[in-house]
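# Descriptive structure summary
Read off the chains here:
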Number of protein chains: 4
Amino acid sequence: MPRPIILDCDPGHDDAISLILALSAAELEVLAVTTSAGNQTPDKTLNNALRVLTLLGRHDIPVAGGAPKPLARELIIADNVHGESGLDGPKLPDPAFAPVKQTAIELMAEKVRACEQAVTLVPTGPLTNIALFLAAHPELHHKIDSIVLMGGAAGIGNWTPAAEFNIFVDPEAADMVFKSGVPIVMCGLDVTHQAQIMDEDIERFRAIDNPAAQCVAELLDFFMIYHRDPKWGFSGAPLHDPCTIAWLLKPELFTAIDCWVGIETQGEYTQGMTVVDRYQLTGKPHTAKVLFEIDREGFVGFIASQLKEYSKAR
Amino acid sequence: MPRPIILDCDPGHDDAISLILALSAAELEVLAVTTSAGNQTPDKTLNNALRVLTLLGRHDIPVAGGAPKPLARELIIADNVHGESGLDGPKLPDPAFAPVKQTAIELMAEKVRACEQAVTLVPTGPLTNIALFLAAHPELHHKIDSIVLMGGAAGIGNWTPAAEFNIFVDPEAADMVFKSGVPIVMCGLDVTHQAQIMDEDIERFRAIDNPAAQCVAELLDFFMIYHRDPKWGFSGAPLHDPCTIAWLLKPELFTAIDCWVGIETQGEYTQGMTVVDRYQLTGKPHTAKVLFEIDREGFVGFIASQLKEYSKAR
Amino acid sequence: MPRPIILDCDPGHDDAISLILALSAAELEVLAVTTSAGNQTPDKTLNNALRVLTLLGRHDIPVAGGAPKPLARELIIADNVHGESGLDGPKLPDPAFAPVKQTAIELMAEKVRACEQAVTLVPTGPLTNIALFLAAHPELHHKIDSIVLMGGAAGIGNWTPAAEFNIFVDPEAADMVFKSGVPIVMCGLDVTHQAQIMDEDIERFRAIDNPAAQCVAELLDFFMIYHRDPKWGFSGAPLHDPCTIAWLLKPELFTAIDCWVGIETQGEYTQGMTVVDRYQLTGKPHTAKVLFEIDREGFVGFIASQLKEYSKAR
Amino acid sequence: MPRPIILDCDPGHDDAISLILALSAAELEVLAVTTSAGNQTPDKTLNNALRVLTLLGRHDIPVAGGAPKPLARELIIADNVHGESGLDGPKLPDPAFAPVKQTAIELMAEKVRACEQAVTLVPTGPLTNIALFLAAHPELHHKIDSIVLMGGAAGIGNWTPAAEFNIFVDPEAADMVFKSGVPIVMCGLDVTHQAQIMDEDIERFRAIDNPAAQCVAELLDFFMIYHRDPKWGFSGAPLHDPCTIAWLLKPELFTAIDCWVGIETQGEYTQGMTVVDRYQLTGKPHTAKVLFEIDREGFVGFIASQLKEYSKAR
Ligand SMILES: [Ca+2]
Ligand SMILES: [Ca+2]
Ligand SMILES: [Ca+2]
Ligand SMILES: [Ca+2]
């Protein structure tokens, strides 16, 4: 029986790849895709999710747009990374189907309520929708297996010196999620900055002859541009969001430590920071499993392997 | 055509009186009652709402319980004011009916969506449910006439030196509500501390021969106890929540000033403060109509008059 | 034996009047005048102190300039209130003497150390110098009688909705002062907004035939301009700083309550607020005597009486 | 001509070693030693400085005690690391001389004013004294060469998940120092956690036959105890404070990056954090040279070499 998941994303290049990987795996059943405002405005991230699903011919997946902005702040977008469409680079088809009539929170509630198994939520954008869903539906917490999220870091930032983008965009939402008591796996920059895709990896993906793999290669071509700035000290592009899917399918690629993680919502310079108590200095109980290391070669191999699934007859 | 309202409350003595007044008025149509955690734990405030409606024979009003705790904080209750049940004092019947199956947010959404007119939300507890409803349903904002709330103050506090109880319990929710763009009327301590009910007023209500009025008198008997502490400098008990209903039905009793109001969520000593820009020092646009003065005699007369409605045949 | 005081000020119209009143009184001995950055830049407030003392012929008073800016923030000035010189309006002589070679903190330390009695500090600007003096000289705390300061308020602001100017300019300094354990008398906006000088009061001062009184009248002519804005609801101009001298000489004009007062340094909207626990909600011990009411007529009479002292032969 | 320095320390085992190293070097002239409250209470850190100097026979160095507590907070001490005396382990002589009559700030001011060269300040405890000195003596900033401090980190903490001890104890002081405009070299945990002393290094020092080296070995024996906790993942003990002296004498042992560094004073979980903009995300100008890497072998060799100086005839 496949593991039921709901993807809440803000595509976004790495979200799109994450979606492609999730839908390649027989071990996962994607109950719904919901979209958050983040890498681009909510209309664009919703449209991008529909375009990717159209490319994959997965009109069967219900899609719903979520909250148009963070809980208590104005929306910040990452068009410097993801371009004007939020998914610049590859040619993608126009959406061949429409979102459902429900809001993202309503769709999540319906799917979680109806599912016989506990559902895993996989957010790869700001946590606005997840926070609202958890707060509005305490009666469904017991039906949530865990939240496997891309966000945060233990001590570095990529948007401010202290904060990673997804958490920085909506710290209040992240705070609610990390205080919810639902089990959390945090794929933060510590691990995603190790999950770098090199030029030769892209060519390896491009050599896989199916539209999904071609799309991934073209997404990565564009995604590389921002990350070539020498200030980062990167050799490739850190493939943040797909680490969540890799964790679900190949946890052996990672090392993880259970830690207390708090979300800073109040600092002058540190808002949106995930404060990770790696050395057990606070005495507080663990609130998340934090991923610290990844087998990069294994990760690239995993992606290639999943992309080959799309060459098989369905 | 009566004005459609939804009461979101945490009964609570003054909430109960507010409910009794709202249901006495032909000018108002109570579409639903939802309950928040605040004066007491969520199970008790829900039960109290059902008990008051049972007393009034209004089993027709749908009731739903809301979020069990504030968005990002542990629940603080005011049992020092409202007693162990949250409604200590009068003998109330056990609930003769059950809440609906929906959550508070689902019930609000259904009623607002279905109503032909724009609906007025009347929260008299912490703003947790209202914040979640607004954030989860941006598509319904245009169907909300306004939010007439009890909470906050311009420069005083009743729970901390800077904060009023309802806002202090869930500042993040209040922040979301005040930033929502939905028109707000704020009945804060400035006006509710003037809305004092004296011993002779209670006797005036007790002289009205119907169960609703008797209940109000007994609620006030208990509510007086906390407020007799000389530190407050009160002559009577400030009847906070019913000011919202008085504003809806008799706005001429009040003076109001349009102000920018911000919610402090970050201070060391000021969390939960409603920062009211009465002197236009910030240059920011108005976000609320703030009530500053009330005609106390007129307010007491209004209550007496509404309570007499319950003596009429229905 | 007169009461020894040190005036730490940022003249500023009301500081200048405060200085004039302090030097009129045989009951007070002004050991030194130090200047803070606040109403104007530090060079201007120092120069203004020298100009006022030159007008009064008091070259014997040692004057020292203090910290050029707040402890941890950029300087904010109030040139909208006090004009380009910080003392616009009257014609004042150029300084006929120079400041001492010491810094303000060194001068305070020398005078407090040398004085046989405990000294009262009277700051009427931002508390930067006082904070540094207290922190750098714990060994002299026992030689400080008290700090009688103009600053703060219980629930209103004049620079932001929550903060009074003197405290807002340097909240960290104010925090250090209020935590120092030295007895504090706080003349805040609650009382200084009652200490309004009307047009007829100015004429009463102008009728006193000596240069000090003429100067006060002319200072008030200018000071009136800012305060005529109807948004304040003032009939006259609130004469903030001289309330400190009135308290020292005529405490019977005031009502005061001992309260815990905390300084908010961390809020989003409330930085620089003096949080006054008037209703004993925190359970914390008193940290200041807060003035709440003033006999305005008595205050005006006090000023007139002191100004007449300058008509006497010296 | 030796480089004139003032050591402001809270001995503390690593402070004591820092002192021993500084006084071993002909290239440095220690103008004064001042003590801060930190690793232990101010009376103990002062006494410890005197004891170390007595051991070394350096009664000629003027010593002054500084502020008894942080600027705006209660003192936190690290007796779990440094023991009841603050310098548990070795037998040290009682002080053979007394501190000067001046305060730490007065002594610093005198020495900096009198010195023909610009002076380097070397704080290895909380920055309380340095902040007060800088704020009280803006006229001497041009006489300060730089501040070479042990404190902070780029993304880790040793006292809270986000903060290093020295900065955490007095964040307001650190904020003032980092905003002062005086050049700063920051030896933080990034580098000091690499500066680990192993058991074999201690034996290497013990083999140097003079009292200073013996004392260092015994100090390290005790200092090891706290750092053996496996949670740290250390092989030895990180020798924080002596990195400052190593930087002064052997900067080639380090790699450093100029960064903007801000001090978080306001967060819920991040107070006392040094926020280091390593990736130039803020666009703010550099405020410190941050040390990121150290040649550990070279560092140990440097210590050994300096300790041998004490075997030479003086
Ligand atoms: Ca994403
Ligand atoms: Ca209520
Ligand atoms: Ca002033
Ligand atoms: Ca130290």
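The notes below deal with the structure included here. Only a predicted model underlies this, so the values are computations on that prediction, with no experimental measurement involved.

## Topic: the arrangement of the chains
Taking C-alpha atoms as the reference, chain A and chain C come no closer than 8 Å and do not contact one another. In this view chain B stays clear of chain D, with the nearest C-alpha atoms of the two still 8 Å from each other.

## Section: the interface of chain D and chain A
Often, the extent of an interface is quoted as the loss of accessible area upon association of its parts. On the chain A side, the residues contacting the 29 residues of chain D number 29 residues. For the pair chain D and chain A, the summed buried area comes to about 2400 Å², and 62% of that belongs to carbon and sulfur atoms. The tally of links between chain D and chain A comes to zero salt bridges. On the surface where chain D and chain A come into contact, there are nine residue pairs in polar contact (both at pLDDT 80 or more). The residue makeup of the side of chain D that touches chain A, split by class, is 13 nonpolar, ten polar and six charged.

## Observations regarding the nonpolar core
Counting residues in each nonpolar core, the largest one holds 87 residues, and the members touching the most others are Phe133 and Ile147 of chain A together with Phe133 of chain B. With residues near it in sequence (within four places) discarded, Phe133 of chain A still touches Ile105, Met108, Ala109, Val112, Leu121, Leu140 and Ile144 of chain A. Within the second largest apolar cluster, 86 residues are counted, among which are Leu149 of chain C together with Leu107, Val276 and Ala288 of chain D.

## Overview of the environment of Leu253 of chain B
All names here are of chain B. Looking at where Leu253 falls in the secondary structure, it is placed in the loop between helix H11 (242-249) and strand E9 (254-259). Along the sequence, Leu253 and Glu297 sit 44 residues apart, while their C-alpha atoms lie 9.3 Å from each other. Beyond its immediate chain neighbours, meaning those up to four positions away, Leu253 contacts Glu293, Ile294, Asp295, Gly298, Phe299 and Phe302.

## Thoughts on the state of the cysteines
Residue and element names in this part refer to chain A. Counted under the stated rule, the structure contains zero disulfides over all chains. With no disulfide of its own, Cys115 lies 19 Å from the sulfur of Cys9, the closest cysteine sulfur. When its relative accessible area of 14% is taken as the criterion, Cys115 is described as buried.

## Structural notes on the sheet that holds strand E5 (residues 144-150) of chain A
Residue and element names in this part refer to chain A. Strands sit in the order E3-E2-E1-E4-E5-E6-E12-E9 across an open sheet of eight strands; the sheet is mixed. The sheet is open, and its two edges are formed by strand E3 (63-65) and strand E9 (254-259), each paired on a single side. Direction aside, the axes of adjacent strands within the sheet are offset by 25 degrees on average. Sheet topology places strand E4 (residues 119-123) next to E5; three bridges connect them, and they run parallel. By the bridge assignment for E5, Val119 is matched with Ile144. Here helix H5 (residues 128-136) sits on the sheet and contacts strand E1 (3-9), strand E2 (28-35), E4 and E5; the angle it forms with E5, its principal contact strand, is near 160 degrees.

Cut-offs and rules
Residues numbered from 1 in each chain as written. Chains lettered and ligands numbered in written order. Predicted model: local features only at pLDDT ≥ 70, side-chain atom pairs only at ≥ 80, totals over all residues. Heavy atoms only, no water. Contact = heavy atoms within 4.5 Å. Buried area = accessible area lost by both parts, 1.4 Å probe. Salt bridge = Lys/Arg side-chain N within 4 Å of Asp/Glu carboxyl O. Polar contact = N/O pair within 3.5 Å; in protein donor to acceptor, adjacent residues only side chain to side chain. Nonpolar A, V, L, I, M, F, W, Y, C, P; charged D, E, K, R; others polar. Core = buried A, V, L, I, M, F, W, Y, C linked by side-chain atoms within 4.5 Å. Buried < 20%, exposed > 50% of the residue type's maximum accessible area, 1.4 Å probe, protein only. Helix = DSSP H or I, 4+ residues; strand = E, 2+ residues; numbered from the N terminus. Disulfide = S-S within 2.5 Å. Pairing = 2+ DSSP bridges. Axes fitted to C-alpha atoms, helices over the stretch in contact; angles between N-to-C directions.

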